[in-house]
Amino acid sequence: MDHVQQALAEMMKIKGALGAAVVDYVSRVTLGTIGTETAPDLGKAGEVDTDVIRAKLHALSVLGYSPDDLEDILVTLTDEVHLIKPLAQRRQQGVFIYLVMDRHRAPLAVARARLHEIERDLEL
């Protein structure tokens, strides 16, 4: 769990970060969350976003893509950006990281690059 908390703390250092979670989409268990007062309920978000990732992986399969081709899923709201990133080394176990950012402050390209680094360093 210590590695999860460290990854969450690193995600919160991204400019505009409002909240973050590490989620197991097979069991629908949120392994850890961190957030500001304005963040959505990250436990609920993590749980329901398991459906998002499952649906996307199913769609990719139907279209003939490998699940390994999925880098992340971006959800853009009026004031927020949500990034859902399955962990490549944990794809078979079904783990993803989830980041909620202020849409007006978040540098999306920087956030995506930083999530890739965090993913690489996260040990479960």
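Provided above is the structure to which this section pertains.
Note that the coordinates shown come from a computational prediction; the quantities given were computed from them, not determined experimentally.

1. A short note on the pairing of strand β5 (residues 95-102)
Line of reasoning, step 1. With 8 of 8 residues buried, β5 is to be regarded as a mostly interior element.
Line of reasoning, step 2. By the alternation rule, side chains of β5 split into Val-95, Ile-97, Leu-99 and Met-101 and Phe-96, Tyr-98, Val-100 and Asp-102, which are all buried.
Line of reasoning, step 3. Here strand β1 (residues 17-24) pairs with β5 via 7 bridges, running antiparallel. From the neighbouring strand, Ala-21 faces β5, where its bridge partner is Tyr-98.
Line of reasoning, step 4. Pairing of strand β4 (residues 80-86) with β5, which is carried by 7 bridges, proceeds in the antiparallel orientation. Bridging across to β5, His-82 finds its partner in Val-100.

2. Regarding the pairing of β1
Line of reasoning, step 1. Counted residue by residue, β1 has 8 buried out of 8 residues, so it is predominantly covered.
Line of reasoning, step 2. Of the pairings in the sheet, the one linking β1 to strand β2 (residues 29-35) comprises 6 bridges and is antiparallel in character. What sits directly across from Ala-21, in β2, is Thr-33.
Line of reasoning, step 3. Turn length for the β1-β2 hairpin, with the two strands adjacent in sequence and antiparallel, is 4 residues, and the turn residue Arg-28 shows positive phi of about 65 degrees.

3. Remarks on the sheet that holds β1
Backbone hydrogen bonds are what pair the strands of a sheet, in a parallel or an antiparallel way.
Line of reasoning, step 1. Here 5 strands make up an open sheet; going across it, the order is β2-β1-β5-β4-β3 and the pairing antiparallel. Among the strands making up the open sheet, the edge pair consists of β2 and β3 (73-76). Between one strand axis and the next, the sheet turns through 15 degrees on average, direction left out of account.
Line of reasoning, step 2. Set on the sheet, helix α1 (residues 2-12) makes contact with β1, β2 and β5; between it and β1 the angle comes to about 150 degrees.
Line of reasoning, step 3. Against the sheet, helix α3 (residues 108-121) engages β3, β4 and β5, with an angle of about 30 degrees to β4.

4. Section: α3
Residues that lie three or four places apart on an α-helix share one face, since the helix turns once every 3.6 residues.
Line of reasoning, step 1. In this model α3 runs 20 Å from its N-terminal to its C-terminal C-alpha over 14 residues, within 8% of the 20 Å that 1.5 Å per residue would give.
Line of reasoning, step 2. Within the sequence span of α3, burial applies to Ala-111, Leu-115, Ile-118 and Glu-119. Mapping the buried residues of α3 onto a view down its axis gives an arc of 100 degrees, with all of them on the same face. What points out from α3, more than 90 degrees from its buried face, is the exposed set Ala-109, Val-110 and Arg-120.

5. Looking at a nonpolar patch on the surface
Line of reasoning, step 1. Taken together, Val-62, Leu-63 and Tyr-65 make up a surface patch of nonpolar side chains, about 350 Å² in accessible area.
Line of reasoning, step 2. The exposure class of Tyr-65 is partly exposed, given its relative accessible area of 47%.

6. Regarding the nonpolar core
One recurring pattern in soluble globular proteins: nonpolar side chains tend to sit buried together.
Line of reasoning, step 1. Judged by nonpolar contacts, the single largest core of 20 residues is most densely connected at Met-11, Val-22, Ile-97, Leu-99, Met-101 and Leu-115.
Line of reasoning, step 2. Contributions of two or more residues to this core are made by α1, β1, β4, β5 and α3.
Line of reasoning, step 3. If sequence neighbours within four positions are ignored, Leu-99 has contacts with Met-11, Ile-14, Ala-17, Gly-19, Ala-20, Val-81, His-82, Leu-83, Ala-111 and Leu-115.
Line of reasoning, step 4. If you look at the next biggest cluster of nonpolar residues, it comprises 16 residues, including Val-23, Leu-42, Leu-60 and Tyr-98.

Rules behind the numbers
- Residues numbered from 1 in each chain as written.
- Predicted model: local features only at pLDDT ≥ 70, side-chain atom pairs only at ≥ 80, totals over all residues.
- Heavy atoms only, no water.
- Buried < 20%, exposed > 50% of the residue type's maximum accessible area, 1.4 Å probe, protein only.
- Helix = DSSP H or I, 4+ residues; strand = E, 2+ residues; numbered from the N terminus.
- Pairing = 2+ DSSP bridges.
- Axes fitted to C-alpha atoms, helices over the stretch in contact; angles between N-to-C directions.
- Contact = heavy atoms within 4.5 Å.
- Expected span 1.5 Å × (residues − 1).
- Arc of directions from axis to C-beta.
- Patch = residues over 30% accessible without salt bridge, like charges linked within 9 Å, V, L, I, M, F, W, Y side chains within 5 Å.
- Areas by Shrake-Rupley, 256 points an atom, 1.4 Å probe, with all protein chains shown as cover.
- Salt bridge = Lys/Arg side-chain N within 4 Å of Asp/Glu carboxyl O.
- Core = buried A, V, L, I, M, F, W, Y, C linked by side-chain atoms within 4.5 Å.

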